[in-house]
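Spelled out from the first residue to the last, the chains are:
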Amino acid sequence: MLDADFFHRWLTAVAVLVDREAAHLTELDSAIGDADHGSNLQRGFTAVTATLNKDAPQTPGAVLTLAGRQLISTVGGASGPLYGTLLRRTGKALGDDAEVTPAQLAEALRAGVAAVAQLGGAKAGDKTMLDALEPAIAALGDTTASFAAARDAAREGALATVPLQARKGRASYLGERSIGHQDPGATSSALLLAALAEVAA
Ligand code: ADP
Ligand code: MG
Ligand code: MG
């Protein structure tokens, strides 16, 4: 079973990975965007961990909805509302149980990813974070062991954005010139799944 502390540790691990990879994320965004993806997420997840350390919500759902709200209010770029929606919608789907199963989390994340697709109007193959998130939720199952499969699927999905042409977001303004670069948001989504696998291990 996964309790509020597990979700708190997950988001703290995301913040650590985002700090470590911030320069890389910004470098990817400088090729096909506006060179702020690393700093956007650093600002967002720093605020998330500060709020969680202060408030310590008591349920998994409350941890995720509070984190999502923080991302929306602190990240100005496209990724703030999108990741904020992912966490808020996933948290809402978990309800107010004190502990949830891996299967419940998998189902809730499916609702969260569907909300991201609805908000951004993107689908798989558009060279966005969905190219990592969708394979990840497809790989999630009923056990914490499936988190490692989801991590691998997200990483492969991010790498597979390189030959794609961007159809959504700033990178789409480049048209064919977006081909040949890895999508920053798909890369950061892979970090979210890497952190999940890490805290469950
Ligand atoms: P901005 O582009 O506003 O500067 P960021 O650099 O923080 O925002 O985030 C860019 C990432 O957001 C992209 O690499 C892409 O993965 C994701 N993204 C942008 N638009 C969309 C969308 N409509 N749907 C899903 N993801 C998107
Ligand atoms: Mg950007
Ligand atoms: Mg920007």
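Structure first, text after, so check above.
Residues numbered from 1 in each chain as written. Chains lettered and ligands numbered in written order. Predicted model: local features only at pLDDT ≥ 70, side-chain atom pairs only at ≥ 80, totals over all residues.

## A few points about helix 8 (residues 184-200)
Logical step 1: Over its 17 residues, helix 8 runs 25 Å from end to end, which matches the ideal 24 Å to within 8%, given 1.5 Å per residue.
Logical step 2: Of all 17 residues making up helix 8, 14 are buried, and the element is well covered by its neighbours. (Helix = DSSP H or I, 4+ residues; strand = E, 2+ residues; numbered from the N terminus. Expected span 1.5 Å × (residues − 1). Buried ≥ 20, exposed ≤ 12 C-beta atoms within 10 Å, placed from the backbone.)

## Looking at the environment of Ala62
Logical step 1: Looking at the secondary structure, you find Ala62 in helix 3 (residues 60-74).
Logical step 2: Sequence spacing of Ala62 and Gly91 is 29 residues, and the spatial spacing of their C-alpha atoms is 6.5 Å.

## As for the packing of helix 1 (residues 4-32) against helix 3
Logical step 1: Where helix 1 meets helix 3, the axes come as close as 7 Å, and the angle between the chain directions of the two elements is 30°. As the angle between them shows, helix 1 and helix 3 are arranged roughly parallel. Regarding helix 1 and helix 3, the two cross each other, and that crossing is right-handed. Listed contacts from helix 3 to Ala4, Phe7, His8 and Leu11 of helix 1 are Pro60, Val63, Leu64 and Ala67.
Logical step 2: Considered class by class, the residues forming the contact of helix 1 with helix 3 number seven nonpolar, one polar and no charged. (Axes fitted to C-alpha atoms, helices over the stretch in contact; angles between N-to-C directions. Parallel < 35°, antiparallel > 145°, perpendicular 65-115°, else oblique. Left-handed = near helix turned anticlockwise from the far one by under 90°. Contact = placed C-beta atoms within 7 Å. Nonpolar A, V, L, I, M, F, W, Y, C, P; charged D, E, K, R; others polar.)

## Side note on unusual backbone geometry
Logical step 1: One non-glycine residue, Ala35, adopts positive backbone phi at about 60°.
Logical step 2: Relative to the helices and strands, Ala35 resides in the loop between helix 1 and helix 2 (37-55).
Logical step 3: For Lys127, which is not glycine, the phi dihedral falls at a positive 65°.
Logical step 4: With respect to the secondary-structure elements, Lys127 resides in the loop between helix 5 (102-120) and helix 6 (130-139).
Logical step 5: Exposure remark for Lys127: the 28 C-beta atoms within 10 Å place this residue in the buried category.

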